Every structure is written in C-alpha cells, then in structure tokens.
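Structural features, examined
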Amino acid sequence: MTDPNPPAKRKRRNADSWLGLNDGETILDENREESKRKRIKLERDHAKKLREEAAALSKLWEDEISKRPPATPGTRGDRKFYARMVKMGQGDCIALSTPGGRLILVDCGSSSKEMAETKEKLYTKRVRACLEDPKFLGPKQTTDAFGKPVKTPKAQFVDVLVFTHSDEDHYNQLATVLADKPNRVEVGRVYHSGEFAYYGTASRWVRSHVRNETLIRKVVHNAVDPTKPLKDGEEAGEITLEGIAVKAGKTATDIDCLDAQGGIRIVAETDPACTVTILAAGVTNDYVKDKDAAQGKNRGSVVLLVEVFGKKLLLCGDSTRSTEHHLMTRGKYAARNRARLTGVDIVHIAHHGSDCTSSSLEFVNLLDPKERALISAGKEGVSSHHLPSKTVVDRYVKRFVDSGREKTPPHSGWAWDSENYEPPKSLQFPFKAPVYITGSHGDLDITWEQA
C-alpha cells in the first residue's frame, strides 16, 4: 500500500552549498577563469561573513563581562592579576584571572595522579576547589544579592578556554572537574590546536557548555619568514582562526587579531592594561629533530604570552625545540619574538620539564626569567617519562645564578637524574634558584598588582 504522505526527500547538497548558494545556482562557467574568479569571490565573502559573525558573538560576550558588578578585594576582577598552576600530577591546568575579571583556563588534564591521592573523588574535589577560589572560577553562587537561596544556582563563567594540544594529560580531567554539580559552568570563547574531535570527552563537554559553537576555533600560527627560501620539506604555514586569515587589529581593544608584534591577541584590557597573546600554534616543521613522539602534537602546542603591569608570563604547553626554533629564528615574526621574550618575568617550562624534547639552552638563555621558572609535573609522575628532568632544572638554575638572581628561600624538589643513573632515578635535590615544581611544591600561585 502506498503511503499517502510519503516523507519529503532530503535535498541533495552540492559541493558549493557551504558557500551560501541557492538551489540551482552554481559557480560553474563555460570560461574556466571566470569560474575560478567566482569561487574565489564567494570564498572570500563566506570567510568575511564567518569572521563578522565570530566578532559579533565575541563582542556580545565582552559586553556581558563589562556589566559584571565590581569585585571585592581578593576576588576575580579586583584589578589584580592572579594565576594558579594547579597540582595535577603528570598534567597541566593553569587558571589566569585578569584585572578586569576575565578567567582564562589553559588545559585541564593528567595522566597520573599524585601518589597520596589514590581515590578519584578526592583528586577531583581538590582540583575543583582550586579553581573555585574566589580569585578564579569563584564559589558556588547559591544565593541572590540579598542573601536569599535561589532555586537554580547561577552559572560560573570561563571567559576563555585554551587547549594547547590534544594529549590526554592536557584535557581529560576537564569534564570531570567542571561537572555540573551543583551548578553549571558556561564557556565564552575556545581556542585549540589540532582537530577538535581529538579532544575526546573535553570536546563533548565544551560543545554542551559553550555559549555558541561558532566560537570554538582551531588556531594556527606557524607561518615562516617569507624573506627566506623554504628548505626541503618545509611548509610555508599560516596564521588563521578556524581556517580564516587573522587580520591586523585597529585598536588596542580589538581581539582575535594580530597585534603590532605579530601575535594573535585574544584578551585585551586597557584599564589597567592586560593582554593575552598567542605566539605560536600548530607548528609542523621539525626544524631540529625534536624527538616529538606524539605525532607532532607537542610541537604544535599553543604558546601564550600574558603581559600585565609591565610584567610577562610565558606559558609553553608541551612545545618542543622545533617550536622554540620557530619562535626565535624561523617564524615570520621571529625577530619581534626575540625582543618580546627576552627577560620574561615568569616562565611555565615546556613539556613538564622534558630535556628530551624541549628547553634548549638557547631558548633558556633568551628567556632569562627574572622571578621564577615553574614546572607542572608529578613528584614522580609517569615513571617511563622521567619528568621533570634534573638536566632542565639545572639549566634554569644556572641561568638564574649566572644572571645574579639565585637569591631565594632554600628549598628542594624531586627530579629525574638521567646523567648519573641508568635507568634514570627520581631523587630529591636542593634548588639554589627560584625553580618550582607542582609535584614537589604544590599549587604554584602568582599575584601581580599595579606598582
């Protein structure tokens, strides 16, 4: 028997549907060159439309931030800058709180818990408590302005979420730590290297908590110096957000744009001044044979620079020596990066203190940190990884000593010694300079304020 109301047939989408063509329209033309011109114009118009949509959504979010009530001292938005490198075991989770009240969360994962925390619930509770500090995500908002209980707790906000790369120890705790118990967490903008589908449970959590999926964007900042010829196997690279070329900013408050030094500015506050900038992401060229065993994901890590109150904080993700070479020598903005990175105040040391892949002597000497060098790694971590490396710790300690900045309260930490032991051994060593490790020293906090 024939169905009197057969289901409507699904319209077949042609290859150019994404360009916004109507049914029956095509860019094909008898003249091949004319067809090519039509496609280029449509692609440009489409990219412009996506860029405008993302800018409009970003502006709505920024406008909402500006309407938040004034902060009390010691809380997020009290005109101070706060950062916390959470003790994750073998992993990374860094919270940044700007003077204007924006919360930036960089990674949230671990491939090993601290030895004293064998129960998953205890670990999750502690990490969440670290993030719910009033200076960061904030406590559960279960009462209104008059102190009366509310039926539905207010959402907690992460204004910017950055995934440096898709290794599990940088994302696999996010959905658990920020589970909606008892209140919901909302996310404004998301930046990631690599393909978003590779972030597993974190990608699914983000899609259900982000204000608009248009603001989940893959970032690439790997363009090489165009004045130098490409070597065999090198790729020219690009500077894009979700495949769309990033344009230069016009004002000091523009975001998702190139700043004057060639970085992609993702946070811009003016009173007081605070910027967060992406210096590298998606680097693919293996310039120096960096032994990246993660299919190049480490090399492609997002590298962030925070500039506030005349100070600089560099976050390196799991970037490798090839990433460092790109920043210092081969990248399109290498000359500007060298000036920008000279004498940072605090550095988050790359790849959990790995000597196998990261922290070349040239890079350490360029950074020449003024205040501290911080490593996110377990006390012993994953025994097969041997992180952090005592060689890297010693390299930074020597840099502090040679620069006359070794004065620091006496302390010691655990690191893997591969120079004197085979196989490498994890031992406790005295540190003569301000080098700190989460596994040895707990959560590592930064507080900066206007001088």
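These remarks concern the structure in this document. Please read all numbers here as calculations on a predicted model, not as lab measurements. (Residues numbered from 1 in each chain as written. Predicted model: local features only at pLDDT ≥ 70, side-chain atom pairs only at ≥ 80, totals over all residues. Heavy atoms only, no water.)

Concerning the overall build of the chain
Along its length, the chain carries nine helices and 19 strands. Looking at the chain residue by residue over its 451 residues, the buried ones come to 53%. Once local pairs closer than 6 in sequence are excluded, the contacts in the chain between residues at least 24 apart make up 68%. Summing over all exposed atoms, the chain offers an accessible surface of approximately 22100 Å²; the carbon and sulfur share of this is 52%. (Helix = DSSP H or I, 4+ residues; strand = E, 2+ residues; numbered from the N terminus. Buried < 20%, exposed > 50% of the residue type's maximum accessible area, 1.4 Å probe, protein only. Contact = heavy atoms within 4.5 Å. Areas by Shrake-Rupley, 256 points an atom, 1.4 Å probe, with all protein chains shown as cover.)

Quick look at the sheet that holds strand β13 (residues 311–315)
Taken together, the eight strands give an open sheet; going across it, the order is β9-β10-β11-β12-β13-β14-β15-β18, and neighbouring strands pair in mixed fashion. Only two strands of the sheet have a single partner each, and these edge strands are β9 (257–258) and β18 (435–437). Contacts from helix α8 (residues 390–402) reach β14 (346–348), β15 (372–375) and β18, with the element oriented near 150° to β18. (Pairing = 2+ DSSP bridges. Axes fitted to C-alpha atoms, helices over the stretch in contact; angles between N-to-C directions.)

Considering the side chain of Ser376
Among the structural elements, Ser376 can be located in the loop between β15 and α8. A polar side-chain atom of Ser376 sits 2.5 Å from the main-chain carbonyl oxygen of Gly91. Look past the residues within four positions of Ser376 in its chain and what remains in contact with it is Met85, Val86, Gly91, Asp92, His348, His352 and Thr438. (Polar contact = N/O pair within 3.5 Å; in protein donor to acceptor, adjacent residues only side chain to side chain.)

Describing helix α1 (residues 32–66)
End to end, α1 covers 51 Å across 35 residues, agreeing with the expected 51 Å (1.5 Å per residue, within 8%). Among the residues making up α1, those that are buried are Ser35, Ala47, Ala54, Ser58, Trp61, Glu62 and Ile65. Looking at the buried side of α1, the elements it contacts are β4 (156–163), β5 (185–192), β6 (216–221) and β8 (244–245). (Expected span 1.5 Å × (residues − 1).)

Examining the nonpolar core
Counting residues in each nonpolar core, the largest one holds 37 residues, and the members touching the most others are Phe81, Leu96, Val162, Ile266, Ile278, Leu304 and Leu313. Ignoring sequence-local partners within four residues, the contact set of Val162 consists of Ile104, Leu105, Val106, Asp107, Tyr191, Ile266, Val302 and Leu304. Of all hydrophobic cores here, the second largest spans 34 residues; its members include Ala350, Phe363, Tyr396 and Ile437. (Core = buried A, V, L, I, M, F, W, Y, C linked by side-chain atoms within 4.5 Å.)

What about the pattern of salt bridges?
Taken as a whole, this structure holds 26 salt bridges when the rule is applied. Of the charged contacts, one joins Glu234 and Arg330 as a salt bridge, the two residues approaching to 2.9 Å between their closest N and O atoms. Of this pair, Glu234 sits in the loop between β6 and β7 (239–241) while Arg330 sits in helix α5 (residues 321–330), and the two are 96 residues apart along the sequence. Residue classification places Glu234 among the buried residues on the basis of a relative accessible area of 14%. Residue class for Arg330 comes out buried when judged on its relative accessible area of 4%. Here Asp402 and Lys398 are joined by a salt bridge, their closest N and O atoms 2.6 Å apart. With Asp402 and Lys398 both in helix α8 and four residues apart, the pair spans about one turn of that helix. Through salt bridges that share partners, Arg84, Asp133, Lys135 and Asp445 make up one connected network. (Salt bridge = Lys/Arg side-chain N within 4 Å of Asp/Glu carboxyl O.)

With respect to the environment of Val401
When you line up the elements, Val401 lands in helix α8. Overall, the relative accessible area of 37% leaves Val401 in the partly exposed class. When the C-alpha positions of Val401 and Ala433 are compared, they lie 7.1 Å apart, and in sequence the two are 32 residues distant.

A short note on the pairing of β4
On any regular strand, side chains alternate: one points to one face of the sheet, the next to the other face. Extensive coverage of β4 is indicated by the burial of seven of its eight residues. Where strand β3 (residues 103–110) and β4 come together, three bridges link them in parallel fashion. Pairing of Leu105 across the sheet is with Leu161, part of β4. The sheet contact formed by β4 and β5 spans seven bridges and is parallel. Looking across to β5, one finds that Val162 is bridged to Tyr191.

Describing helix α2 (residues 120–131)
The terminal C-alpha atoms of α2, which comprises twelve residues, lie 17 Å apart, in line with the 16 Å expected from a rise of 1.5 Å per residue. Within the span of α2, buried status applies to Tyr123, Thr124, Val127, Arg128, Cys130 and Leu131. End-on view of α2: buried residues confined to an arc of 155°, all on one side of the axis. Set apart from the buried face of α2 by more than 90 degrees, the exposed residues are Lys121 and Lys125. Buried residues in α2 make contact with β1 (81–85), β2 (91–97), β3, β4, α3 (174–177) and β5. (Arc of directions from axis to C-beta.)

Side note on the layout of surface pockets
In this model, the second largest pocket occupies a volume close to 440 Å³. Lining the second largest pocket are 24 residues; nearest its centre among them are His351, Ser354, Thr357, His385 and Leu387. Residue composition of the lining of the second largest pocket, by class: six nonpolar, twelve polar and six charged. (1 Å grid on protein atoms, 1.4 Å probe; cavity = no way out; pocket = protein on both sides within 12 Å on 5 of 7 lines; lining within 4 Å. Points joined across faces, edges and corners; volume = space filled by probe spheres on them. Nonpolar A, V, L, I, M, F, W, Y, C, P; charged D, E, K, R; others polar.)

Read these as spatial facts, not as claims about activity.
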